[in-house]
2 protein chains.
Amino acid sequence: MKLQQLRYLAAVAQNGLNITAAAEKLHTSQPAVSKQLKLLEDELGFNIFVRSGRTLTKITPAGQKVIERALHILREVYNIKNISADLKDEDRGSLSIGTTHTQARYVLPTVIQQFRAKYPNVDLHLHQGTSEQIAEMAALDHIDFAIATGSHEQFRKYVLLPCYQWYRRIVVPAGHPLALIKKPTLKQVAQYPIVTYVFSFTGPSSLQQIFSKAGLSPNVALTARDADVIKTYVRLGFGVGIVADVAVDPKEDRDLVAIDASHLFPIHTTWIGFSRDGVLRRYMYDFMQLLAPHLNKRLIDRAGNMQSQEEVDALFAEIELPIR
Amino acid sequence: MKLQQLRYLAAVAQNGLNITAAAEKLHTSQPAVSKQLKLLEDELGFNIFVRSGRTLTKITPAGQKVIERALHILREVYNIKNISADLKDEDRGSLSIGTTHTQARYVLPTVIQQFRAKYPNVDLHLHQGTSEQIAEMAALDHIDFAIATGSHEQFRKYVLLPCYQWYRRIVVPAGHPLALIKKPTLKQVAQYPIVTYVFSFTGPSSLQQIFSKAGLSPNVALTARDADVIKTYVRLGFGVGIVADVAVDPKEDRDLVAIDASHLFPIHTTWIGFSRDGVLRRYMYDFMQLLAPHLNKRLIDRAGNMQSQEEVDALFAEIELPIR
DNA sequence: TACAGTTACGGACCGCGTAAGCATA
DNA sequence: TATGCTTACGCGGTCCGTAACTGTA
């Protein structure tokens with residue numbers, strides 16, 4: 001068994017069982033891949049793929065297991081190379097981040113600006129998506145970091161470190177009846193159509209539940225996937241917006257009235273996560289600290305060596321998080 | 001980077017940084033290992049080992065990380081080969097078990113007898129040791145299974161499945177004053193010198209603590225590492241033995257009086273553990289079920305896929321364990 | 001006939017073993 | 001001087017690319 005064979009195997013598995021396509025991605029010839037695959041299957045003594053005629057059509061059950069192990073191996077090889085790269089040239093490399101709209105739009109720009117100034121030779125890749133999509137990227141090892149709020153469950157392979165907390169704000173156009181009220185009640189808010197995030201309505205501690213607990217049934221006029229859309233519709237007089245605190249810009253949004261809603265809705269915690277199996281480059285530590293100053297190398301390493309997220313949570317229980 | 005190089009690296013690391021010794025174990029020449037090591041270090045761009053003159057003296061910090069990753073890779077390669085072996089010839093292979101004296105001497109013989117009858121072509125290796133030694137074997141991947149009682153903490157990499165429960169017994173020579181008492185009290189037992197396991201005296205719920213909780217300070221005449229030694233000294237009139245229930249054989253020990261002590265000391269649970277990272281061969285499943293009939297493949301797989309021991313414990317909380 | 005994978009073959013490279021060289025205790 | 005690692009060199013095997021072949025839509 002050779003590492004090369006495992007690489008070829010992984011490429012074939014990840015390119016729709018198409019050997020030709022895999023060979024192209026690997027910058028080698030198609031017969032080379034074909035042959036090594038066959039040699040690997042010969043050595044193992046069983047077929048990894050089901051063939052109908054000459055084309056690969058399916059993965060056998062045992063093949064599936066082998067592929068999983070192979071991906072694990074390749075990930076470790078990558079880790080070893082990362083250890084090496086970090087020593088050779090610690091300021092050069094790449095950093096892929098999966099994150100949600102709110103973070104990408106309102107929080108990360110300043111962080112990334114600082115980061116790029118410090119590490120001009122690090123290739124930055126930002127992938128925006130829903131938390132499900134980010135979880136998918138994480139599972140496939142396509143990203144180094146995930147930055148999101150809530151939803152710990154989908155990130156089993158990850159260590160999640162809390163970064164900062166934030167409240168929601170209510171935004172209304174100037175002149176709206178609520179604009180004059182400093183501390184509105186849930187009941188007052190519920191009198192108007194509501195415009196907010198899609199995700200705020202699923203799961204526990206959702207807006208839905210908060211209103212219904214108070215015996216109210218909110219009239220949701222629109223659910224959007226990002227704050228910009230929400231603010232746009234608020235401007236159009238569609239309803240009352242409920243957005244993340246950070247999503248309100250004092251300058252750009254000076255035509256809107258932003259009302260503190262920390263007394264109405266619970267606090268949220270944004271975290272940054274990385275694979276428990278991964279090796280962190282120096283600039284990755286630095287990125288985390290730029291995002292959240294309390295995340296120093298010592299603390300990150302302690303958390304990274306923990307077996308379960310519960311332990312990590314316990315570690316951070318004693319640390320006070322900044323509020324944005 | 002080649003798998004071969006990682007194998008060589010691991011061998012050198014595990015043979016006291018002696019390249020010659022490593023080469024011998026690998027059935028290859030010393031220059032071959034030397035060269036591949038150097039090639040690997042060249043590729044990585046840093047030294048894995050510290051050399052004084054030409055001999056290797058230490059492992060560099062980065063080298064240590066690389067070695068850990070390499071061992072992980074080799075473990076996965078082994079797993080892939082196990083998947084293969086299981087399909088090719090599922091009745092042939094090897095099974096290494098680390099266990100304590102009590103299990104090896106009193107419980108496993110019948111299990112192993114049945115196992116060997118079913119799988120005559122599986123090489124069985126039994127390694128007896130203290131729980132620390134077994135934990136060490138587990139950490140180094142030298143065993144497939146660990147079977148022991150208590151001490152979950154040292155087996156972080158393992159999934160531990162409870163097998164059966166047992167009580168302690170008090171053994172005295174015929175004619176001893178306690179021999180006539182059906183249900184002795186702690187106070188009565190404490191009147192005589194005590195002969196028991198070394199390990200029963202450390203940690204929480206130890207004998208020491210049980211006695212001191214009752215306001216008694218036992219006179220420990222002898223601590224042994226196995227029940228046979230304990231019984232020998234009991235026969236010599238050295239004191240009152242406290243041993244595992246299973247360690248008393250009605251036939252062989254008919255000269256001793258064994259008194260039920262379930263009302264004095266808490267119940268113990270013996271578990272079998274295997275690496276969370278490992279692949280289980282078919283005969284391994286069968287071995288576990290021979291040891292504890294409730295451990296069927298379905299249940300083992302469910303437990304094996306769990307991330308933490310807490311989840312496994314929760315799974316087994318509902319299952320009634322046999323008492324031996 | 002277009003497409004995808006296999007087989008065949010020559011060349012480059014690589015890893016091994018033998019043998020000799022070199023540094024340290 | 002013994003031990004242990006490195007260097008040198010030739011052989012055999014391996015892997016790749018090109019090209020021709022084969023089976024399927």
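See the structure above.
Overview of the structure. Throughout, a residue's number is its position along its own chain's written sequence, starting from 1. Key to labels: chains lettered from A, ligands numbered from 1, both in the order written. Local features are withheld for residues below a pLDDT of 70 in this predicted model, meaning they are given only at 70 or higher, and side-chain atom pairs are given and counted only at 80 or more; totals for whole chains, interfaces and linings count all residues. To obtain the side-chain values, all non-hydrogen atoms of the structure were included, while hydrogens and water were left out.

### Observations concerning the overall build of chain A
- Numbering of helices and strands starts at the N terminus; helices are DSSP runs of H or I of at least 4 residues and strands are runs of E of at least 2. Regarding its fold elements, chain A presents twelve helices and twelve strands.
- Of all 324 residues assigned to chain A, the portion counted as buried reaches 49%.
- Residue contacts are counted whenever heavy atoms from the two residues lie within 4.5 Å of one another. Residue pairs at least 24 apart in sequence account for 72% of intrachain contacts in chain A once pairs closer than 6 positions are excluded.
- Note on areas: Shrake-Rupley, 1.4 Å probe, and residue coverage restricted to the protein chains presented here. As presented, chain A carries roughly 15900 Å² of accessible surface, and 51% of it is formed by carbon and sulfur atoms. Under the scheme applied here, a residue whose accessible area is under 20% of the maximum for its type counts as buried, over 50% as exposed, and between as partly exposed, the area being computed with a 1.4 Å probe on protein chains only.

### Details of the sheet that holds strand S9 (residues 220-224) of chain A
Residues and elements named next belong to chain A.
- Strands qualify as paired when DSSP identifies two bridges or more between them. Ordered by their spatial adjacency, five strands build an open sheet running S9-S8-S10-S7-S11, and the pairing between neighbours is mixed. Strands at the two margins of the open sheet, each flanked by one partner only, are S9 and strand S11 (256-260). Averaged over all pairs of adjacent strands, the angle between their axes in this sheet comes to 25 degrees, without regard to strand direction.
- Summarising the sheet, strand S7 (residues 168-173) and strand S10 (residues 240-244) pair through four bridges and their orientation is antiparallel. Its bridge partner lying in S10, Arg168 is registered against Ala244. Axis lines are fitted through C-alpha atoms, for helices just across the contact stretch, and the angle between N-to-C directions can take any value from 0 to 180 degrees.

### Regarding unusual backbone geometry
Residues and elements named next belong to chain A.
- The backbone of His27 sits at a positive phi, close to 55 degrees, despite the residue not being glycine.
- With respect to the helices and strands, the residue His27 is situated in the loop between helix H2 (19-25) and helix H3 (30-44).
- Backbone geometry places Asp141, a non-glycine residue, at a positive phi of 60 degrees.
- Inspection of the secondary structure puts Asp141 in the loop between helix H6 (131-139) and strand S5 (145-149).

### Things to note about the protein's contact with DNA strand D
- Any residue with a non-hydrogen atom lying within 4 Å of a molecule or strand is treated as near it. Around DNA strand D lies a shell of 21 residues, among which Tyr8 and Thr28 of chain A together with Thr20, Gln30 and Ser34 of chain B are the nearest.
- If you look at DNA strand D and keep only atoms within 4 Å of the protein, 70% of those are sugar or phosphate atoms.
- Contacts described as polar in this section are N or O atom pairs within 3.5 Å, which, within protein, must combine one atom able to donate a hydrogen with one able to accept it, while residues neighboring in sequence count only if both atoms come from side chains. A distance of 3.3 Å separates a phosphate oxygen of DNA strand D from a polar side-chain atom of Gln4 of chain A.
- Separating a base oxygen of DNA strand D from a side-chain N or O atom of Arg54 of chain B is a distance of 3.0 Å.
- Listing elements by their share of the surface near DNA strand D, those giving two or more residues are helix H1 (3-13) and H3 of chain A together with helix H2 (19-25) and helix H3 (30-44) of chain B.

### A closer look at the interface of chain A and chain B
- Taken residue by residue, the interface counts 31 residues in chain A and 31 residues in chain B.
- Throughout, buried area stands for the accessible area (probe radius 1.4 Å) lost by two parts on being put together, summed over both. For the pair chain A and chain B, the summed buried area comes to about 2600 Å², and 68% of that belongs to carbon and sulfur atoms.
- Three residues stand out in chain A for area buried against chain B, namely Met1, Arg69 and Ile80 of chain A, and they jointly supply 25% of the buried area on that side.
- A pairing counts as a salt bridge when a side-chain nitrogen of Lys or Arg comes within 4 Å of a carboxyl oxygen of Asp or Glu. Here chain A is connected to chain B by four salt bridges.
- At the boundary of chain A with chain B, the tally comes to eight residue pairs in polar contact (both at pLDDT 80 or more).

### Observations concerning the packing of helix H5 (residues 101-118) of chain B against helix H10 (residues 282-291) of chain B
All names here are of chain B.
- One can describe the packing of H5 onto H10 by two numbers: an axis separation of 9 Å at closest approach and a directional angle of 140 degrees. Classified by the angle their axes make, H5 and H10 are oblique. In this structure, the crossing between H5 and H10 has a hand that is right-handed. On the side of H5, the interface is formed by Val107, Leu108, Val111, Ile112, Gln114, Phe115 and Lys118, while H10 contributes Tyr283, Asp286, Phe287, Leu290 and Leu291.
- Only Asp, Glu, Lys and Arg are considered charged, only Ala, Val, Leu, Ile, Met, Phe, Trp, Tyr, Cys and Pro nonpolar, and every remaining residue, Gly among them, polar. Grouping the constituent residues of the contact of H5 with H10 by class yields nine nonpolar, one polar and two charged. Working rule for angles: under 35 degrees goes down as roughly parallel, over 145 as roughly antiparallel, 65 to 115 as roughly perpendicular, anything else as oblique. Helix crossings fall into two classes, left-handed where the near helix is turned counterclockwise from the far one by less than a right angle and right-handed where it is turned clockwise.

### Overview of the side chain of Lys231 of chain A
Residues and elements named next belong to chain A.
- Examined against the element boundaries, Lys231 turns out to sit in helix H9 (residues 227-235).
- Since its relative accessible area comes to 2%, Lys231 is described here as buried.
- If sequence neighbours within four positions are ignored, Lys231 has contacts with Tyr106, Ala247, Asp253 and Leu256.

### Looking at the packing of aromatic side chains
- Any Phe, Tyr or Trp ring, taking Trp's six-membered ring, that has another such ring centre within 6.5 Å forms a pair; planes under 30 degrees apart are called stacked, those over 60 apart edge-to-face, and the others tilted. Scanning the model with the defined rule gives 18 aromatic pairs over all chains in all.
- Between Phe115 of chain B and Phe287 of chain B, the ring centres sit 5.5 Å apart and the planes meet at 75 degrees, which makes this aromatic pair edge-to-face. Separated by 172 residues along the polypeptide, Phe115 of chain B in helix H5 and Phe287 of chain B in helix H10 bring together distant segments of the chain.
- On the basis of relative accessibility, which here comes to 0%, the residue Phe287 of chain B falls in the buried class.
- Connected via pairs of aromatic rings, a cluster forms that spans Phe115, Tyr119, Phe145, Tyr283 and Phe287 of chain A.
- By definition, being over a ring means that NZ of Lys or CZ of Arg is both within 6 Å of the ring centre and within 35 degrees of the ring normal. The ring of Tyr285 of chain A has Lys297 of chain A sitting right over it, with the charged end atom 4.7 Å from the ring centre.

### Digging into the environment of Leu161 of chain A
All names here are of chain A.
- Assignment of secondary structure puts Leu161 in strand S6 (residues 158-166).
- Residues Leu161 and Val312 lie 151 residues apart in sequence; the distance between their C-alpha atoms is 7.5 Å.
- The contacts of Leu161, once residues within four sequence positions are left out, are Thr270, Trp271, Ile272, Phe274, Met288, Leu295, Ile300, Ala303, Val312 and Phe316.

### Some thoughts on the relation of the copies chain A and chain B
- Here the copies are superposed with least squares, the fitted atoms being C-alpha atoms of residues at a pLDDT of at least 70 in both. The transformation that overlays chain A on chain B combines an axial shift of 0.1 Å with a rotation of 180 degrees, and the residual RMSD is 0.3 Å. These values place the two chain copies in the arrangement generated by a two-fold rotation axis. Of every C-alpha in chain A, the one belonging to Ile73 of chain A sits nearest the axis of rotation, 2.6 Å from it.
- An overlap of 100% is found between the interface residues of chain A and their copies at the interface of chain B, pointing to a shared contact surface.

### Brief notes about the protein's contact with DNA strand C
- By nearness alone, 22 residues border DNA strand C, and Thr20, Gln30 and Ser34 of chain A together with Tyr8 and Thr28 of chain B come closest of all.
- Atoms of DNA strand C within 4 Å of the protein: sugar and phosphate make up 67%, bases the balance.
- In this structure, Thr28 of chain B approaches DNA strand C through a side-chain N or O atom, which is 2.5 Å from a phosphate oxygen.
- For DNA strand C, a phosphate oxygen lies 3.3 Å from a polar atom in the side chain of Gln36 of chain B.
- Breaking the surface near DNA strand C down by element, the ones donating at least two residues are H2 and H3 of chain A together with helix H1 (3-13) and H3 of chain B.
- Residues of the surface near DNA strand C, tallied by class, amount to seven nonpolar, ten polar and five charged.

### So, the environment of Asp228 of chain A
All names here are of chain A.
- Looking at where Asp228 falls in the secondary structure, it is placed in helix H9.
- A relative accessible area of 23% means that Asp228 is categorised as partly exposed.
- Along the primary structure Asp228 and Thr102 are separated by 126 residues, whereas in three dimensions their C-alpha atoms are 9.1 Å apart.
- What Asp228 contacts, discounting residues up to four positions off in sequence, is His101, Arg105 and Tyr106.

### Some remarks on the pattern of salt bridges
Residues and elements named next belong to chain A.
- If you walk through the whole model with that rule in mind, you get 32 salt bridges over all chains.
- Asp86 is the salt-bridge partner of Arg281, the closest N and O atoms lying 3.0 Å from each other. In this pair, Arg281 sits in the loop between strand S12 (268-275) and helix H10 (282-291) while Asp86 sits in helix H4 (residues 61-88), placing the two residues 195 residues apart along the sequence.
- Overall, Arg281 belongs to the buried group, its relative accessible area being 2%.

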